[in-house]
Amino acid sequence: MDQELKLYNTLTRQIEKFEPIHAGRVGLYVCGPTVYSDVHLGNCRTFISFDLIYRYLLHLGYKVRYVRNITDAGHLEGDRDEGDDKFAKKAKLEQLEPMEIVQKYTLGFHDVMRAFNTLAPSIEPTATGHIGEQIEMIKIIISSGYAYEVNGTVYFDVEKYNKEYSYGQLTNRRLDDLLEGTRELSGQDEKHGRLDFALWIATKPETLMKWNSPWGWGFPGWHIECSAMSTKYLGETFDIHGGGMDLQATHHTNEIAQSQACNHKSPVNYWLHTNMLTVNNVRMSKSAGNGFLPGELFTGDHSLLEKGYSPTAVRFFMMQTHYRSTLDFSNEALQASEKGYARLMAAIKTLENLKPSATSTSDIKALEKNCYNAMNEDFNAPILVANLFEGSRIINSVNDGKEAITEDDLMLLKKTMNTFVFDVLGLMTENTPSNGKLDTTMQILLQLREEAKQRKDYETSDNIRKRLEASGFIIKDAKEGASWSSN
Ligand code: AMP
Ligand code: ZN
């Protein structure tokens, strides 16, 4: 099948045909979490969106090197060099070594990523593991004339850089406009320009996390780690760089400036940004206090949650909105997704036992094509999901004898449904046959319901179905008897 993958490039603000630097291979870098606290569901949305992108690139047959870093040093509270080091502050608060904080939240992050069935990146480099590379890069930027040192701290000279390159290109802003939005420098400021940012930060003697450098003891600025690690593992120019939209204006803008000042090349061909998860239209964040944790979501143990939701139902909920649109969390929306997901899974189960006919009344090739078209158009998962629901409708119609498909079409339908549901969307079946005890219990209940129906006690039979459905079970009646599924 001829593929033409198109994606929206933040750098050019248009949909472009994807052309990798090396045929058949893709270099993908995504900014990972700052591991000083648990990831909230908003962070997860970004990582799940890039998991979908990674999965689809793999499905298309690309050999992908997917690098997602762990920020375990250097991220200050304010994105522009203000406040304390996030790790040092938390370490003091919890009376732990900073590296204990890093270990605790890195493990927690991995657990959450596994629960959501995301694939592990090919390389997960840490900032603390690449201090040498960051120092080397800073040295080159200083010798190129785009950075200067004051009292052991090294700053990037934004105004000088902007004479040669365009600093605000990623957000399409002119330097004058950007300068207007920042505060005047005071006599106490070390930096020369209002937009200058730190590449290396001198530490006080009591600082816990510090390294020796040509400029004395200190730690790297937050942005330089991504420039150093992406260059190391993907090269001076690579294919795709991703992250949440909130990183565009500062973190990614500074990454481009650093890499360009060091390597004199545009570092990234395609910039991809995911939109935010919101709660009642307010961006989910730690500071807004609306950042519930995946664990709370699974158990329902949070004041904003009516009940618990399974990781796959949540993943499916996320897939029903395009990654570049905001996604507002609500119990109603999640419950609707839960039902949709259960319907999809029920259809996949029915598909296993579907019988072919001599002729087809449905165009399965068109269905397959529509699935690819959706994903090729900037990874449009919601349109893909709509097509998979059309697939489910066909499955149920064929099962009910209202439509028919040939043996070949049945094979193609199975391939299409399984590929897109499991490999591309990364959904899982949560009710597997190994769930033996539950299945036995459910069979007893369905049997009791059947017996009630036979003696025309419809009140009892309806009651059983309603109560099971209220607990998240889907009961499906068919000629050969009732079956169940759950989410
Ligand atoms: P952090 O750990 O704060 O560096 O964030 C990790 C990733 O989560 C970044 O790519 C952020 O852009 C992203 N992110 C943070 N908040 C949200 C949100 N509410 N919705 C979607 N992505 C988010
Ligand atoms: Zn980054």
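Here the structure is shown first, and the text comes after it.
Summary of the structure given here. (Residues numbered from 1 in each chain as written. Chains lettered and ligands numbered in written order. Predicted model: local features only at pLDDT ≥ 70, side-chain atom pairs only at ≥ 80, totals over all residues. Heavy atoms only, no water.)

1. Brief notes about the coordination of the zinc ion (ligand 2)
What counts here: A donor here means any N, O or S atom no more than 2.8 Å from the metal (3.2 Å for Na, K and Ca); water is not included, so a site may seem to lack partners. Here a strand is any run of E in DSSP of at least two residues, a helix any run of H or I of at least four, and the numbering for each starts at the N terminus. Each residue is assigned to one of three classes by its accessible area relative to the maximum for its type, calculated with a 1.4 Å probe on protein chains only: buried under 20%, partly exposed between the two thresholds, exposed over 50%.
Surrounding the zinc ion (ligand 2) are the protein donor atoms Cys31 (SG), Cys226 (SG) and His251 (NE2), which sit 2.0 to 2.2 Å from the metal. Donor residues for the zinc ion (ligand 2) sit on one chain with the sequence pattern C-x194-C-x24-H. Here His251 lies in helix 8 (residues 248–263) and Cys226 lies in helix 7 (residues 222–234), a separation of 25 residues in the sequence. Accessibility classification places Cys226 together with His251 in one group, the buried group.

2. So, the packing of aromatic side chains
The geometry of an aromatic ring pair comes down to the distance between the two centres and the angle between the two planes. Worth spelling out the cut-off: Planes of paired rings set the category: under 30 degrees apart is stacked, over 60 is edge-to-face and the rest tilted, where pairs are Phe, Tyr or Trp rings (Trp by its six-membered ring) whose centres lie within 6.5 Å. Whether a charge lies above a ring is judged from NZ of Lys or CZ of Arg, which has to be within 6 Å of the ring centre and within 35 degrees of the ring normal.
One pass over the full model with this rule turns up 19 aromatic pairs. Both rings, one in Tyr146 and one in Tyr161, keep their centres 6.0 Å apart while their planes meet at 80 degrees; by these two values the pair is edge-to-face. Of this pair, Tyr146 sits in the loop between helix 4 (131–143) and strand 5 (147–150) while Tyr161 sits in helix 5 (residues 158–164), placing them 15 residues apart in sequence. Each member of the pair Tyr146 and Tyr161 is classed as buried. Ring geometry for Phe316 versus Phe389: centroids 6.1 Å apart, planes at 90 degrees, classification edge-to-face. Here Phe316, found in helix 10 (residues 311–319), pairs with Phe389, found in helix 13 (residues 381–399); they are 73 residues apart in sequence, far enough to count as distant. In terms of burial, Phe316 and Phe389 fall into one category: buried. Over the aromatic face of Tyr146 sits the side chain of Lys160, whose NZ or CZ is 5.9 Å from the ring centroid.

3. A few points about the nonpolar core
Here is the rule we go by: Only buried residues count toward a nonpolar core. Its members are Ala, Val, Leu, Ile, Met, Phe, Trp, Tyr and Cys residues joined through side-chain atoms within 4.5 Å. An automatic or database domain assignment provides the domain bounds reported here. Only heavy atoms matter for contacts: two residues are in contact if any of them lie within 4.5 Å across the pair.
Of all hydrophobic cores here, the largest spans 86 residues; its most connected members are Leu41 and Phe379. When residues are assigned to domains, this core turns out to be shared by domain 1 (6–274) and domain 2 (278–424), each giving three or more. With sequence-adjacent residues up to four places away left out, Phe379 is seen in contact with Leu5, Leu7, Leu52, Ile53, Tyr56, Leu272, His322, Tyr323 and Ala374.

4. Thoughts on the environment of Ala261
Tracing the sequence through the fold places Ala261 in helix 8. In sequence terms Ala261 and Ile140 are 121 residues apart; their C-alpha atoms lie 8.4 Å from each other. If sequence neighbours within four positions are ignored, Ala261 has contacts with Ile141, Ser144, Tyr146, Phe156 and Tyr161.

5. A short note on the site of ligand 1
We count it as follows: In this text, near means that some heavy atom of the residue lies within 4 Å of the molecule or strand in question. In protein, a polar contact means a hydrogen-donor-capable atom and an acceptor-capable atom, both N or O and within 3.5 Å, with residues adjacent in sequence counting only if both atoms are side-chain atoms; elsewhere, any N or O pair within 3.5 Å suffices. The Shrake-Rupley method, run with a 1.4 Å probe, gives the accessible areas here. Residue values count only the displayed protein chains as cover. Amino acid classes used here: Ala, Val, Leu, Ile, Met, Phe, Trp, Tyr, Cys and Pro are nonpolar; Asp, Glu, Lys and Arg are charged; the rest, including Gly, are polar.
Not every one of the 16 residues close to ligand 1 is listed here, only the nearest: Gly42, Thr46, Asp246, Leu277 and Met284. A distance of 3.0 Å separates an oxygen atom of ligand 1 from a polar atom in the backbone of Thr34. At 2.8 Å from a nitrogen atom of ligand 1 is found a main-chain nitrogen or oxygen belonging to Met284. With the chains in place, 93% of the 500 Å² that ligand 1 exposes on its own is no longer accessible. Mapped by element, the contributors of at least two residues to the shell around ligand 1 are helix 1 (41–59) and strand 9 (238–244). Across the shell around ligand 1, the residue classes tally to 6 nonpolar, 8 polar and 2 charged.

6. Here we look at the pattern of salt bridges
The condition that has to hold: One side-chain nitrogen of Lys or Arg within 4 Å of one carboxyl oxygen of Asp or Glu is enough to make a salt bridge.
Counted under the stated rule, the structure contains 22 salt bridges. Between Arg183 and Asp189 there is a salt bridge, with its nearest N and O atoms 3.2 Å apart. Residue Glu338 is joined to Lys307 by a salt bridge in which the shortest nitrogen-to-oxygen separation is 2.7 Å. A residue pair is termed long-range when its members are at least 10 positions apart, and Glu338 in helix 11 (residues 331–352) and Lys307 in the loop between helix 9 (294–299) and helix 10 qualify at 31 residues. For Lys307, a relative accessible area of 31% puts it in the partly exposed group. What you see here is one network of salt bridges that share partners, running through Asp51, Arg55 and Arg315.

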